[in-house]
Amino acid sequence: MKKIINAVDQVENQMIEGMVKAFPQYVSKLDCGNVVVRSTKKEDKVALISGGGSGHEPAHGGFVGKGMLDAAVAGAVFTSPTPDQIYEGIKAIDAGKGVLMVVKNYTGDVLNFEMAAEMAADMDGIEVKEVIVNDDVAVEDSTWTTGRRGVAGTVFVHKIAGALAETGASLDEVQAVAQKVIDNVRTMGMAIKPCIVPAAGTPGFELAENEMEIGIGIHGEPGVKKAELEPADQIVDTLLEKILADIDYSGSEVAVMINGCGATPLMELFVVNNRVADVLAEKGLKVYKTLVGEYMTSLEMEGFSISLLRLDDQMKELLDAEADTPAMTVIK
C-alpha cells in the first residue's frame with residue numbers, strides 16, 4: 001500500500017487540521033474531534049449539519065460555508081462519526097431556529113445522528129429534524145444499509161436546503177425542500193479500480209485489468225456485478241437506463257452531476273458527460289445545470305457516478321442561489 005500519509009491513526013486529524021489551515025475564511029475546528037463549522041456563524045437561521053466517514057473529500061467539510069452546510073462531522077475513514085461528535089456540532093451551530101441533519105442512509109450514520117439529536121433535544125432543548133438520503137438505484141440493501149444507499153446526490157441536498165435556510169426559512173420548510181430533493185434525485189456509479197482504506201491496507205474488491213464494477217457504493221464496497229470493461233458511452237447507457245427507469249423524468253428539466261470517485265481524470269468525466277447530455281437530449285429532457293468534478297469521492301477509487309435531479313422552479317432558484325464554500329462557489 002502506498003499512501004502519502006504520516007501515520008494511519010493520524011490521517012483524519014491531520015486532514016482536518018490541514019483543511020482548516022487552508023480555508024480559515026470558511027471553516028474552523030471544534031475542540032471535540034473532527035468537527036468543522038462555519039468560521040462566521042450566521043444567527044437566526046436554520047442550521048444544517050451533515051457528515052459521515054472520512055475519505056469522501058471534499059464531502060462533507062468542503063461544503064461548509066455560506067449557502068450550504070453550517071457544520072460537517074468526520075469519522076474515521078468510511079466509519080460513522082460518534083454521537084458525541086455530532087452532538088457537539090449541533091450545539092455549536094444552533095442559532096435559535098433549529099437544526100436539520102442531512103444523513104446518508106448507512107446504518108451507523110443513521111443511528112449515531114439520531115442518538116445525537118436526542119441528546120441535543122433532551123439536554124439542550126434544541127429542535128432537531130432529519131432527512132435521510134437514499135439516492136443510489138444500484139442496490140436495495142447492502143453490507144452497511146437497510147434500503148438504498150445515500151451517495152453523491154447528497155450534495156444537491158446540501159446546496160438546495162442550505163440555500164433555503166440562508167433566507168431565514170423555518171425548520172419545517174427547510175426539511176420539506178430537502179426531502180423534495182431526495183424524492184427527485186437518483187444516482188448510480190461504477191469503478192475500474194478499487195480504493196484502499198489506510199487502516200485495512202488492502203483493496204475493498206479485486207478487478208482484473210479488463211474488468212469493471214457496476215453499481216459501486218462510496219465506501220469501497222463492490223457493486224452489483226463485475227463485467228468486461230466497455231467504452232464510456234456503453235457504460236453511461238447502462239447507468240442511465242437504471243436511473244431513468246426509477247422515476248418518471250419525462251418532460252422534465254434536470255440537474256446533472258458527473259461525480260469523480262477520487263482518481264478519475266477530468267478528461268474522462270467530460271467524455272462521460274458528453275454521452276449523458278446526448279442521451280438526455282434524445283429523450284427530451286432539458287439539462288438546466290451540469291456539475292462535473294469530484295464532489296463525493298472514495299479515496300483513490302477510479303470511476304464515476306451519474307446523479308440526475310428532476311427540478312421544479314423552487315429547486316432551480318435555490319440551485320442558482322449564492323454559495324461560498326471551499327468546494328463549491330456560486331456567484332450571483
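Our structure is the block above this text.
Remember, predicted model here, so these are calculated numbers, not experimental data. (Residues numbered from 1 in each chain as written. Predicted model: local features only at pLDDT ≥ 70, side-chain atom pairs only at ≥ 80, totals over all residues. Heavy atoms only, no water.)

Thoughts on the packing of helix 2 (residues 83–93) against helix 3 (residues 107–124)
The cut-off we apply is this: Comment: axis = line fitted to C-alpha atoms, over the contacting stretch for helices; angle = value between 0 and 180 degrees taken between N-to-C directions. Elements are defined by DSSP. Helices are runs of H or I of four residues or more, strands are runs of E of two residues or more, and each kind is numbered from the N terminus. In these notes the angle categories are as follows: under 35 degrees is roughly parallel, over 145 is roughly antiparallel, 65 to 115 is roughly perpendicular, and the rest is oblique. Handedness of a crossing follows from how the near helix is turned relative to the far one, being left-handed for an anticlockwise turn of less than a right angle and right-handed for a clockwise one. We call two residues in contact whenever any of their non-hydrogen atoms come within 4.5 Å of each other. Nonpolar residues are Ala, Val, Leu, Ile, Met, Phe, Trp, Tyr, Cys and Pro. Charged residues are Asp, Glu, Lys and Arg, and all others, Gly as well, are polar.
Viewed as axis vectors pointing N to C, helix 2 and helix 3 meet at an angle of 50 degrees, and their least axial separation amounts to 8 Å. Regarding the angle of helix 2 to helix 3, the classification is oblique. As helix 2 runs across helix 3, the sense of the crossing is right-handed. Along its contact with helix 2, which presents Pro83, Asp84, Ile86, Tyr87, Ile90 and Lys91, the element helix 3 presents Asn112, Phe113, Met115, Ala116, Ala117, Met119, Ala120, Met123 and Asp124. For the contact of helix 2 with helix 3, the class distribution of residues is 11 nonpolar, 1 polar and 3 charged.

Focus on unusual backbone geometry
This is how the line gets drawn: Summary of the burial criterion: residues with accessible area below 20% of their type's maximum are buried, those above 50% are exposed, and those between are partly exposed, where the area comes from a 1.4 Å probe applied to protein chains only.
Cis rather than trans, the peptide bond between glutamate 57 and proline 58 has omega equal to 15 degrees. By the secondary structure assignment, proline 58 is in the loop between strand 3 (47–54) and strand 4 (71–77). In this structure, the amide linkage connecting alanine 59 to the following residue, histidine 60, adopts the cis form with an omega of 5 degrees. Looking at the secondary structure, you find histidine 60 in the loop between strand 3 and strand 4. A positive phi is found at aspartate 44, a non-glycine position, where the angle reads about 55 degrees. The residue aspartate 44 is located in the loop between strand 2 (35–38) and strand 3 in this model. Using a relative accessible area of 55% as the deciding quantity, one classes aspartate 44 as exposed.

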